[in-house]
2 protein chains.
Amino acid sequence: MNSSRNRRPTIIDVAERAGVSKSTAARALAGSGNINDETRERVLRAAAATGYERNHLAVGMRSGRSGMLGLVIPDITNPFWGEVARGAQDRAAESGASLLVFSSDWDAAKEATHVGTLRRARVDGAIINPVADNFDDHHRFGLPFVFIGSSAERFADISSVGSDITQAVRLGMDHLVSKGHFAPSFIVGPKSRLARARFLRAVHEHCVERDIDPGILAMEDGEYTVEGGRQAMRRLLERPHVGHVCVFAANDMMALGAMMAVREAGLNCPADVSIIGFDGIPSGEFAWPGLTTIAKPGREIGVRAVEQLFDEIEHRPEHGRVYMPCRLIERGSLADLSVPTPKRAATGAGRV
Amino acid sequence: MNSSRNRRPTIIDVAERAGVSKSTAARALAGSGNINDETRERVLRAAAATGYERNHLAVGMRSGRSGMLGLVIPDITNPFWGEVARGAQDRAAESGASLLVFSSDWDAAKEATHVGTLRRARVDGAIINPVADNFDDHHRFGLPFVFIGSSAERFADISSVGSDITQAVRLGMDHLVSKGHFAPSFIVGPKSRLARARFLRAVHEHCVERDIDPGILAMEDGEYTVEGGRQAMRRLLERPHVGHVCVFAANDMMALGAMMAVREAGLNCPADVSIIGFDGIPSGEFAWPGLTTIAKPGREIGVRAVEQLFDEIEHRPEHGRVYMPCRLIERGSLADLSVPTPKRAATGAGRV
DNA sequence: GTGAAAGCGCTAACAG
DNA sequence: CTGTTAGCGCTTTCAC
């Protein structure tokens, strides 16, 4: 009868079956334009009967909108970025868009390659965690885009979304104080990483607000990894100190590494050393003791980024950065030194 | 001069600039067909000069190959599936293909929706972790596809790739025996899940091989979550038992939950209770003690799935299942009872 | 309200 | 080896 046994049905098949023209069928299918109710019904029925499915390639080609969005993150395997991807995915799907996901491994060359691929795929726009610090050609990605992550913050004029580090640090510091830790030590990322400066700036701001001299705060740095945190903690413990040690790690992996170092030094967390992290990765929940940390809203960031991207695509210039609030997750890695035992208080953070 | 200030350059712009015809330009750009070296050079230069980039939408439309692949997994946020996605992503990129990623949340309806979206996007094929157990319409996805994960194993005639559960269980059991644990208890998934049966079958096979009566093995089940594992462990500990308890959990999350239950019961892992998991998620590394487990090769599964999918697309019917070997990761959650100290063996679970 | 026709950017015969 | 000619499936004027 019909030759649609092998071919996938096209709009022409639907039109023929409904006894209308291509364009009428298109109008009915797209739900656009003025069209007779009865005609529309007929077309829709014909479409269902033939098993017609819109060819998005063709739509994209003709309309200039592919219905696809790109996402370039450092590593989909990383729990934080996985959350971001999930949020973006869900929000995109909600609007009928699909997401092309790529991992850059913090490598500028890979990032460029992937953006190129996205451009050729004619995605309508892209969400990118920029790895390259040193070039402002970002403006010439050649497609609508939105940045995500803390590394994006420095591009003030570019639409971006990330966690509110200032608020996060304040949350952490206030919590530490509430537990009787007044002068924590810090484990931060390597100097090369943008996020480090951002984190330290927030710490500094907070100290100024609270009339604390940032100079007295001990600090060690290392890679944003378990091993980096472990070594930094080791160095911290080698420093002369008295009483309870409290550490604020700029990243959960480092915090977990620090925890290991504490154990390896024959000390106990939280009895001897208190640790607070930053990220909210699942592993923190299973560590022993559970890692108290400040969780970034990964999923919400993904959702929000897609929304910003839509604005960008539709030329609703909402330029500027959106800061998403973080939240504290209390688990067991923090000792409570605030209990009103005079002796206890003196033990304190060692700042006599 | 040229009007290509706004429009993105097309193959026509390149052809004009190189002084050749559209098709010659196309041939040069695609690297296909016979073409004069010098002409090709000229075209390539013209392309570079105009900043031409192939429009994959148009290519896909004309050639019938979109250069896109779909991936439908339960949850990109889950560490195992994240690994799979990453492997697939990398392998696809290697061949110049892009990956559309979707999460189904183990929901058959979502799965169907996503497959529909992929079909409309005209992906060349899809990699799917099938959630629906009860329909064989899989054959009518309407596009080339490959299954992944253990739930796919029952579709013997469909190309699929997953971990080798039989080998994994053997690896685990042998390791337990080598540490002096001869009759472990089991924590397995809910009856509704396909993977459970697959796991138990492997255990059974192993027992038969080793002349062990599977009937003597204690078993509890629960959801594949931390909470599921915790409750199952609780029930296991309530059972009458003497000496050291050894537990083989069918999933790392459950194993981690079991570890919590042990701690909550005032017991110690591994002194009183030994635990071995199955998955290889990162959290197991940070738990205390570190979780000994059998790791599935998530990334390799992703890579392999893409390769199988290419075969499928190219009509190289390699139908059948590919089993990827798992590997043992030794950490600290297993007591070594094999040391020939009679006392040790008797010390056991300490709950007299 | 509906149809005819043009064309998005590219590839694939088919001639030369 | 290169140019000409058709479309791929759809949207979108522009008539009627």
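Reading the values: the criteria
Residues numbered from 1 in each chain as written. Chains lettered and ligands numbered in written order. Predicted model: local features only at pLDDT ≥ 70, side-chain atom pairs only at ≥ 80, totals over all residues. Heavy atoms only, no water. Helix = DSSP H or I, 4+ residues; strand = E, 2+ residues; numbered from the N terminus. Rg over C-alpha atoms; globule rule 2.2 N^0.38 Å. Buried < 20%, exposed > 50% of the residue type's maximum accessible area, 1.4 Å probe, protein only. Contact = heavy atoms within 4.5 Å. Buried area = accessible area lost by both parts, 1.4 Å probe. Salt bridge = Lys/Arg side-chain N within 4 Å of Asp/Glu carboxyl O. Nonpolar A, V, L, I, M, F, W, Y, C, P; charged D, E, K, R; others polar. Near = heavy atom within 4 Å. Polar contact = N/O pair within 3.5 Å; in protein donor to acceptor, adjacent residues only side chain to side chain. Pairing = 2+ DSSP bridges. Axes fitted to C-alpha atoms, helices over the stretch in contact; angles between N-to-C directions. 1 Å grid on protein atoms, 1.4 Å probe; cavity = no way out; pocket = protein on both sides within 12 Å on 5 of 7 lines; lining within 4 Å. Points joined across faces, edges and corners; volume = space filled by probe spheres on them.

Per an unreviewed UniProt entry, chain A goes by LacI family transcriptional regulator and derives from Devosia yakushimensis.

S.K.: Explanation requested: the overall build of chain A in the structure shown.
M.R.: Of regular secondary structure, chain A possesses 13 helices and 12 strands. Its C-alpha atoms give chain A a radius of gyration of 27 Å, more than 25% over the compact-globule value 20 Å for 352 residues. For chain A, the spread of C-alpha atoms along the principal axes amounts to about 90 × 40 × 35 Å. Looking at the 352 residues of chain A, the share that counts as buried comes to 53%. Pairs at least 24 apart in sequence give 69% of the contacts found in chain A among residues at least 6 apart.

S.K.: Any chance you could explain the interface of chain B and chain A here in plain terms?
M.R.: Interface size is commonly expressed as the accessible surface area that is lost when the partners come together. Taken together, the contacts link 46 residues of chain B with 46 residues of chain A. Carbon and sulfur atoms supply 57% of the area that chain B and chain A bury against each other, a total of about 4300 Å² over both sides. Three residues stand out in chain B for area buried against chain A, namely Leu57, Arg122 and Phe286 of chain B, and they jointly supply 18% of the buried area on that side. Our count for the chain B to chain A interface comes out at 8 salt bridges. A salt bridge links Glu53 of chain A to Arg120 of chain B; the shortest N-O distance between them is 3.8 Å. With 6 residues, the top contributor of residues to the side of chain B that touches chain A is strand β2 (residues 98-103) of chain B. Split into classes, the residues belonging to the side of chain B that touches chain A amount to 19 nonpolar, 13 polar and 14 charged.

S.K.: Mind showing me how you'd approach the protein's contact with DNA strand C here?
M.R.: The immediate surroundings of DNA strand C are formed by 25 residues, with Thr24 and Thr39 of chain A together with Ile11, Lys22 and Tyr52 of chain B found nearest. When atoms of DNA strand C within 4 Å of the protein are split into backbone and base, the sugar-phosphate part holds 50%. Ser21 of chain A places a main-chain nitrogen or oxygen 2.9 Å from a phosphate oxygen of DNA strand C. Residue Arg54 of chain B places a side-chain N or O atom 3.0 Å away from a phosphate oxygen belonging to DNA strand C. Looking at the surface near DNA strand C, the elements that each hand over two or more residues are α2 (22-30) and α4 (56-63) of chain A together with α2 (22-30) and α4 (56-63) of chain B.

S.K.: Could you clarify how one ought to interpret the sheet that holds strand β12 (residues 327-329) of chain A in this entry?
M.R.: Each strand in a sheet pairs with another by means of backbone hydrogen bonds, the pair being arranged parallel or else antiparallel. Residues and elements named next belong to chain A. Read from one edge of the open sheet, 6 strands run β7-β6-β8-β9-β10-β12, paired in mixed fashion. Only two strands of the sheet have a single partner each, and these edge strands are β7 (219-221) and β12. On average, each strand axis in the sheet is inclined to that of its neighbour by 20°, with strand direction left out of account. Of the strand pairs in this sheet, strand β6 (residues 185-188) and strand β8 (residues 245-249) are connected by 3 bridges, and their pairing is parallel.

S.K.: Please explain empty space enclosed by the protein as it appears in this structure.
M.R.: Take a probe with the size of a water molecule and roll it over the atoms, and the empty space left behind shows itself. Under the definition given, this model contains 4 cavities of 30 Å³ or more. In this model, the largest cavity occupies a volume close to 60 Å³. Residue lining of the largest cavity: Leu57, Met68 and Ala121 of chain A together with His56, Leu57, Ser66, Gly67, Met68 and Ser98 of chain B, and that is the complete set. Across the lining of the largest cavity, the residue classes tally to 5 nonpolar, 4 polar and no charged.

S.K.: Please explain the protein's contact with DNA strand D as it appears in this structure.
M.R.: Neighbouring DNA strand D are 23 residues; Ile11, Lys22 and Tyr52 of chain A together with Ser23 and Arg62 of chain B lie closest to it. When the atoms of DNA strand D within 4 Å of the protein are grouped by moiety, sugar and phosphate amount to 51% of the total. At a separation of 2.9 Å, a phosphate oxygen of DNA strand D approaches a polar backbone atom of Asn36 of chain B. The element contributing the most residues to the surface near DNA strand D is α2 of chain B, with 4 residues. By residue class, the composition of the surface near DNA strand D is 8 nonpolar, 9 polar and 6 charged.

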